[in-house]
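A look at the structure
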Amino acid sequence: MRTNPITPEERGKAFATQRKPEVLKKQNLDVRYHIEDFETNDRPGRFLEAFAAILKHSNYKMALDHFIRMSAKCGRCATTCQVYQATGDPKDIPCYRSELLLSVYRRHFTLGGMLKGRLLGSGYLTDEKIQEMAESFWNCTACRRCTLECPSGIDHALITHLGRYILSEIGIAPRALVVSTREQLEGATGNTSAIPVPALIDTLEFLEEDMLEEKNVEIKFPMDVENADYVFIPAVSDYLMEAETLMGIAAVFTATGDSWTTGTGYFDGINYGLFYSDRILERVVKKIDAETKRLKGKNVLIGECGHASRSAKYYLPTYCGGKDAFPVINIMEYTHKVWKEGKLKFDPNIVTEKVAYHDPCNIARQKWIIDQPRELLKAFCKNYVEMTPFGADNICCGGGGGTISIDEIRPYRTTIGGKLKADQIRRSGCNILIAPCANCKKQLRELVEDQKIDCEVMGLHDLIYKAIIFDDSLIVKKDVQPENIAEEK
Amino acid sequence: MDSLLEFARGPLFRFSIIIMILGLARLIALDLYSIFRAHQKAGDKSLPWGLIISRSIEWLFPVKRIAHNRPIYSIFSILFHIGLLLVPLFLFAHIQLWEKGIGFSWPALPYNWAYWLTISTIIFAVLLIIGRIFNKSSSFISRKQDFLWPVLLLIPFVTGFVCSHLNLSPSNYRLFMLIHILSGDMIFLLMPFTKIAHCVLMPLSQVICTLAWKFPADTDDKVCTTLNKKGAAV
Ligand code: HEM
Ligand code: SF4
Ligand code: SF4
């Protein structure tokens, strides 16, 4: 897919920095995102130390060795990357970006590289190079689309992930992510949105009342129920921003009668570790495991969120017991399953708008969840359209890899990161864009706003909430509501 | 010159072939060993084998390459590879040499095929070089070896063609033959140490880039200890 490269004005806007000159000077690092103050002495030395420590205790060496031996430099990744397609700046070619870190690896961690470097006295890691990495690795949305197009299997998102991990060990990581993670792991509320438990309970009770009014059905959010089949863990920001999605999910459970619960001990699926640090990834995953154990739950159920689903599904087994870890499923898998079993009914006449579905990279790239939501949508949307390419080959929303949480780079995300996606949405002509992921939703809303596209972005369960039909036995009888009767008379 | 020619096609040739075989075998062994180790260390040992195998096969055959992106480049590259692999192995004159060296032989390419494959390899190598120079993104990411490899590969094809299809004086013939053999030796020697390692490593790529996401358990603690960060705030 091709797009027109951005104009110089757009470029200026996208890369305009919001950081104060004195901070840039003090931190000696010219990047677009805010960073907490960090030690600036001997950055190259500390970078290499961190790199060495990580290599020692990880599996990255295998991939790095393979990549440096065989890169074909064929340029295929260039034509796939939405960032390069938008900027046209060769420094955004995935292969170039990865080479930043691979060259450090080759120079400092392989025998040949060390000998050559010593003999020629060249190639030692410099502050400038660290600065280039710090900028470049946060330009990439870690969507992994380029990996599918690389004959050498070079996984640029893996390199981005590793590069950010090493940088974070020397203090270079977006403040937005670090602050949220600190609250989640060490703060009083234990979640990235800093929602206290009483506020959570209030919100949910309020939603329950709303739903009773709208649907005439007692739809509940069960709290702290032990032995439930599903312990529900959405991206915690949904409690603030995606009420409709949560209501749809509660409605599905009310229709099926399966047991599910939200734990007040821990209820945040967001895992910024997937974006910048394996150490954080591990700590957050362990909290999910601990809460599920506390509640004696049987399955971990992640809400509509790509990265939360991927980090739980792939890393709960990694950090919490391999094959014996709790099974992790995504809410769309559950809804699709119960719909197939005939437990859900939808009204086919409610949604008449043109609906399209956006695949979140984190659940589609490895072909995990692609067809289920489409089958559900096609079951009750009269006018479903597909945006191509889709599925495992989808185009990133432009806010992946944690960049969505960095508010100060919004202009970058909506003029560059999401440019290809915006073209795609425009071409599809959809009125409703389904994006079952907290990150994608936020990014796509900002994207359609900034790019002036007339289209509403929502979750899959938002629509399901509209279309679901409840069994008569669940409908609360009117006669128990005296005011209603009085009004009718 | 004759003794040089003998040296190039005798000891030097055997040496290069041995280096190539050992070097490539070493790379395969290293890759397999690290795959084995990484799998052992991984906290989650399950791998999507179906996906890995289908993606590996897709890349070893040309269909996906042409269909997905850079179709013209892909066609050039594929036609280039066909000649590159077939001519050295299946040329009648080469098979005779193999028979002398290792004692057994295999069917040769028909003369006409060899003739046209040699020409097509030369043409497509030139086109690849031109493409690499003029394609903005390719030339930006290219290293020296990316430009030099097709050039180096051209030499034995051109000299071989000249020797077998042009009427040369005996001394010129020997000169071209010497260049032909020396460049061939050079190619074999360099294969394991450059990007041409892809001819044996490519089938392992998809396993590696999938397994690479399977991290070992409890790295948090170990990395913290090594970096002296135990108990430090997030
Ligand atoms: C059967 C084994 C081989 C396979 C599967 C293979 C595959 C590939 C692939 C996928 C590329 C990237 C370009 C593209 O996507 O079309 C490539 C490039 C290349 N290969 Fe191979 N290759 C093989 C054997 C060889 C051998 C034996 C040589 C040389 C002795 C070679 C020389 C090259 C060169 C020079 C390039 C770079 C072409 C350019 O300038 O873009 N390949 N190969
Ligand atoms: S992971 Fe996505 S954003 Fe990053 S280089 Fe690849 S295609 Fe571009
Ligand atoms: S697709 Fe792979 S081999 Fe080709 S240029 Fe990109 S990273 Fe290098």
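Residues numbered from 1 in each chain as written. Chains lettered and ligands numbered in written order. Predicted model: local features only at pLDDT ≥ 70, side-chain atom pairs only at ≥ 80, totals over all residues. Heavy atoms only, no water.

1. Quick notes on the overall build of chain B
Along its length, chain B carries 13 helices and zero strands. Scanning chain B from its N terminus toward the C terminus, one meets helices and strands in the order α-α-α-α-α-α-α-α-α-α-α-α-α. The C-alpha radius of gyration of chain B comes to 23 Å, more than 25% above the 17 Å expected for a compact globule of 234 residues. The principal-axis extent of the C-alpha atoms belonging to chain B is close to 80 × 40 × 35 Å. Every one of the 234 residues in chain B was classed for burial, and the buried ones make up 43%. Considering only intrachain contacts with a sequence separation of at least 6, the fraction spanning at least 24 residues in chain B is 72%. Accessible surface, chain B: about 12700 Å² in total, of which carbon and sulfur atoms supply 73%. Side chains of chain B carry 21 positive and 11 negative charges; the gap between the two charge centres is 5 Å. (Helix = DSSP H or I, 4+ residues; strand = E, 2+ residues; numbered from the N terminus. Rg over C-alpha atoms; globule rule 2.2 N^0.38 Å. Buried < 20%, exposed > 50% of the residue type's maximum accessible area, 1.4 Å probe, protein only. Contact = heavy atoms within 4.5 Å. Areas by Shrake-Rupley, 256 points an atom, 1.4 Å probe, with all protein chains shown as cover. Lys, Arg positive; Asp, Glu negative; His and termini not counted. Charge placed at Lys NZ, Arg CZ, Asp CG, Glu CD.)

2. As for the site of ligand 3
Residues in close proximity to ligand 3 total 13 residues, the closest being Cys74, Gly75, Cys77, Cys95 and Cys150 of chain A. Residues within reach of ligand 3 are spread across chains A and B. Tallied by class, residues from the shell around ligand 3 come to seven nonpolar, four polar and two charged. (Near = heavy atom within 4 Å. Nonpolar A, V, L, I, M, F, W, Y, C, P; charged D, E, K, R; others polar.)

3. Section: helix α24 (residues 438–450) of chain A
Residue and element names in this part refer to chain A. With 13 residues, α24 should cover 18 Å at 1.5 Å per step; its first-to-last C-alpha distance of 19 Å lies within 8% of that length. All buried positions along α24 are accounted for by Ala438, Asn439, Cys440, Lys441, Gln443, Leu444, Glu446, Leu447 and Val448. In the segment just after α24, Lys452 is the residue with positive phi, at about 55°. (Expected span 1.5 Å × (residues − 1).)

4. Regarding the state of the cysteines
Each disulfide consists of a covalent bond between the sulfur atoms of two cysteine residues. All told, the structure shown has zero disulfides over all chains when counted by the stated rule. As a non-bridged cysteine, Cys320 of chain A has Cys224 of chain B as the owner of its nearest cysteine sulfur, 16 Å distant. By relative accessible area, which is 14% here, Cys320 of chain A ends up buried. With no disulfide partner, Cys440 of chain A has as its closest neighbouring cysteine sulfur the one in Cys437 of chain A, 3.6 Å distant. (Disulfide = S-S within 2.5 Å.)

5. Remarks on helix α21 (residues 371–380) of chain A
Gln372, Pro373, Arg374, Leu376, Leu377 and Phe380 of chain A are the residues of α21 of chain A that are buried. Taken together, the buried residues of α21 of chain A touch α19 (331–340), β5 (345–346), β6 (354–357), β7 (383–385), β8 (432–434) and α25 (460–467) of chain A.

6. Thoughts on a negative patch on the surface
Residue and element names in this part refer to chain A. Residues Asp202, Glu205, Glu209, Glu213, Glu214, Glu244, Glu353 and Glu456 make up a contiguous surface patch of negative charge. For the negative patch, the element with the highest residue contribution is helix α13 (residues 197–215), accounting for five residues. Inspection of the secondary structure puts Glu214 in helix α13. (Patch = residues over 30% accessible without salt bridge, like charges linked within 9 Å, V, L, I, M, F, W, Y side chains within 5 Å. Salt bridge = Lys/Arg side-chain N within 4 Å of Asp/Glu carboxyl O.)

7. Let's talk about the sheet that holds strand β1 (residues 230–233) of chain A
All names here are of chain A. The four strands lie next to each other as β2-β1-β3-β4, forming an open sheet whose pairing is parallel. Two strands close off the open sheet at either side, each with one partner strand: β2 (260–261) and β4 (328–330). Relative to strand β3 (residues 299–302), β1 runs parallel, the two being bridged by four bridges. What sits directly across from Ile233, in β3, is Ile302. (Pairing = 2+ DSSP bridges.)

8. Concerning the interface of chain A and chain B
Contacts between the two partners involve 70 residues from chain A, matched on the other side by 59 residues from chain B. Buried area between chain A and chain B, summed over both chains or domains, comes out near 5500 Å², and the portion from carbon and sulfur atoms is 57%. When the area that chain A buries against chain B is broken down by residue, the three leading residues are Met62, Arg69 and Arg76 of chain A, summing to 14%. The tally of links from chain A across to chain B stands at five salt bridges. (Buried area = accessible area lost by both parts, 1.4 Å probe.)

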